[in-house]
Structure formats: C-alpha cells, structure tokens
Amino acid sequence: MEDIKGNLAAVRANIPEDVLLVAVTKTHTPQEINIAIDEGVTDIGENKVQEILDKYDHVKPVRWHLIGHLQTNKVKYIIDKVCLIHSVDSLKLAKEIDKRAAQHDLTMDILIQVNAAEEESKFGITTDETEGLIHEILDTCEHVRIKGLMCIAPMVDDPEDARPFFREVKEQYDKFGAIEHERLDFQYLSMGMSHDYQAAIKEGANLVRVGSAIFGTRVY
Ligand SMILES: *Cc1c(COP(=O)(O)O)cnc(C)c1O
C-alpha cells in the first residue's frame, strides 16, 4: 500500500505556498483519493471524462480539473462538474464548452494548452497559433473565461533540460496575460508533473499537476 500521506508531505515540502497543487488521480480509486483529501488536498486532476463520471459520487467534496485531451462530444458530461479545463487547443472545443456552459447558465474557466514553438505534438498549439486562438475565443465565446496557459514539457532524462521549454511558455503567459478583456483573467500557469515540477516552479509555474509522486506508479 502506497504511503499517500507521506508522499504528499514530501511533495508539499517542495512547493511554495503560492503554487497550487493539483493532485492527479487518474487510475486511482476514490478510497485513495479520499485519503489525499483528508490530508488537505483541495484540487484533483483527471485526464479522462469517464473516470470523472465513475468517481464523482464517491469522492469527498473537492475541486475537479480536466487536464487531458477533451473530445467535443464529451464536454456536456463534465461541464457542471469541473472548475477548470486545462486542455483547450481549438476554437471548435472552446465553442462547444461555450454552448454547454450557456445551457447551464455558467461561465467556464479554461486554460489554453500550448507547445514550445518547435515541438510537434498531437495536442496543444504553437506560439503563433495561441494568440489568434485567444482572440477568437474572446470574440465568440461569451461563457468562457481564459484563466491562463497549460503545457506538458517534452520528456527528458534530466528535468533541468526542460527549463528552456518552461521559460518559453512563461514568456507567452506574461505576453498574453497582458491582453485586456473582461473574459481574460490570467491566474494559472499550469506546468510541471511528478518528474519536473520543481524545474517548472523555478521557471514560474503557479499550478503543478502531480500524480505518481503522490499516489505511486499507475497500473493500467
Ligand atoms: C498524468 C498526468 C499528469 C501527472 O503525471 P505524473 O507524472 O504522474 O505526475 C499531469 N498532467 C497531465 C496532463 C497528465 O495526463
């Protein structure tokens, strides 16, 4: 049995008070998640809609974050369950979120998922595309509020090597955060996972998404 309490204390010791810890709970049971909540975890992250639905009624009150790729046809299932969607990378997805949020008479907080300029990844968008997308969302999605940026760093053996990537995303965060609009209110720079959250914090992350360092290795 994993020492969730001990792991959590060790992770917390590395995180300044003004950095939000989102405990990533994918593949883990409501019982395990509730141990973390009893230890004071306020925010949890899941990357699959189905896992949120399966666990939602069995987990103590907590703020849920959708951190993984989100298909447009699944937005309707989680629109009233999550506090922040980290993975918005297209206008199509933002528009669906807007539509469902309007139906529930709420405004959904989102992050734009970005890549470093040179990174060819399946999800997330490049620096050049980011600015255009932000303006399109602000122009068309009245029930969406843009709260910041999210990224997943390239996998490197030494997390120190990810720092230039994090630095670049922080520069984008500062640049786009200066846009003046009533539905743009940058508060979260979501970057850093179990192996690289300390490097991410050094480069300005104020929200880290940590799973295996708290709950142990995932078994799929
Ligand atoms: C799984 C996951 C994490 C956490 O990964 P760990 O290496 O277990 O800390 C963070 N962000 C996203 C988007 C994930 O899917």
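Here the structure is shown first, and the text comes after it.
Residues numbered from 1 in each chain as written. Predicted model: local features only at pLDDT ≥ 70, side-chain atom pairs only at ≥ 80, totals over all residues. Heavy atoms only, no water.

Another aspect to go through is the overall build of the chain. Regarding its fold elements, the chain presents 9 helices and 8 strands. With the C-alpha coordinates aligned to their principal axes, the bounding extent of the chain is approximately 50 × 40 × 30 Å. When the 220 residues of the chain are sorted by exposure, 50% land in the buried category. Within the chain, residue pairs in contact and separated by at least 24 positions form 60% of the contacts whose partners lie at least 6 positions apart. For the chain, the accessible area works out to roughly 10500 Å², and carbon and sulfur atoms hold 46% of it. Positive and negative side-chain charges of the chain, numbering 25 and 39 respectively, have mean locations separated by a distance of 5 Å. (Helix = DSSP H or I, 4+ residues; strand = E, 2+ residues; numbered from the N terminus. Buried < 20%, exposed > 50% of the residue type's maximum accessible area, 1.4 Å probe, protein only. Contact = heavy atoms within 4.5 Å. Areas by Shrake-Rupley, 256 points an atom, 1.4 Å probe, with all protein chains shown as cover. Lys, Arg positive; Asp, Glu negative; His and termini not counted. Charge placed at Lys NZ, Arg CZ, Asp CG, Glu CD.)

This next bit is on helix α1 (residues 4–13). Three or more residues of α1 are buried, namely Ile-4, Asn-7, Leu-8 and Val-11. Summarising the axial view, the buried residues of α1 lie within an arc of 100 degrees, below the 170-degree limit, and thus occupy one face. With respect to the buried face of α1, the exposed residues turned more than 90 degrees away are Lys-5 and Ala-13. (Arc of directions from axis to C-beta.)

Around the ligand sit 13 residues in total, of which Lys-26, Ser-194, Gly-211, Ser-212 and Arg-218 are the nearest. Measuring from a nitrogen atom of the ligand, one finds a side-chain N or O atom of Arg-209 at 2.8 Å. A distance of 2.6 Å separates an oxygen atom of the ligand from a polar atom in the side chain of Arg-218. Residues belonging to the shell around the ligand are distributed by class as follows: 6 nonpolar, 4 polar and 3 charged. (Near = heavy atom within 4 Å. Polar contact = N/O pair within 3.5 Å; in protein donor to acceptor, adjacent residues only side chain to side chain. Nonpolar A, V, L, I, M, F, W, Y, C, P; charged D, E, K, R; others polar.)

Next up on the list: unusual backbone geometry. Across the chain, the bulk of peptide bonds are trans and the bulk of non-glycine residues have phi less than zero. Here the phi dihedral of Thr-27 falls at roughly 70 degrees; this positive angle occurs in a residue that is not glycine. With respect to the element layout, Thr-27 can be found in the loop between β1 (20–24) and α2 (30–38).

A few words now on helix α7 (residues 163–177). Here α7 is 15 residues long and its end C-alpha atoms lie 20 Å apart, about the 21 Å a rise of 1.5 Å per residue gives. Three or more residues of α7 are buried, namely Arg-163, Phe-165, Phe-166, Val-169, Gln-172, Tyr-173 and Phe-176. Among the structural elements, α6 (127–140), β6 (144–150), β7 (184–190) and α8 (197–202) are those in contact with the buried residues of α7. (Expected span 1.5 Å × (residues − 1).)

To continue, consider the side chain of Arg-163. You can see Arg-163 is positioned in helix α7. At 2.7 Å, the side chain of Arg-163 forms a polar contact with the side chain of Glu-203. Arg-163 has contacts with Ala-199, Lys-202 and Glu-203, leaving out every residue within four places of it along the chain.

Here the focus is the pattern of salt bridges. Following the criterion strictly, the structure yields 14 salt bridges and no others. The residue Lys-202 makes a salt bridge to Glu-160 at a minimum N-O spacing of 3.1 Å. Taken together, the positions of Lys-202 in helix α8 and Glu-160 in the loop between β6 and α7 put the pair 42 residues apart, joining distant regions of the chain. Each of the salt bridges in this network shares a partner with another, and the network as a whole consists of Glu-160, Arg-163, Arg-167, Lys-202 and Glu-203. (Salt bridge = Lys/Arg side-chain N within 4 Å of Asp/Glu carboxyl O.)

Shape is all these values report; function is a separate question.
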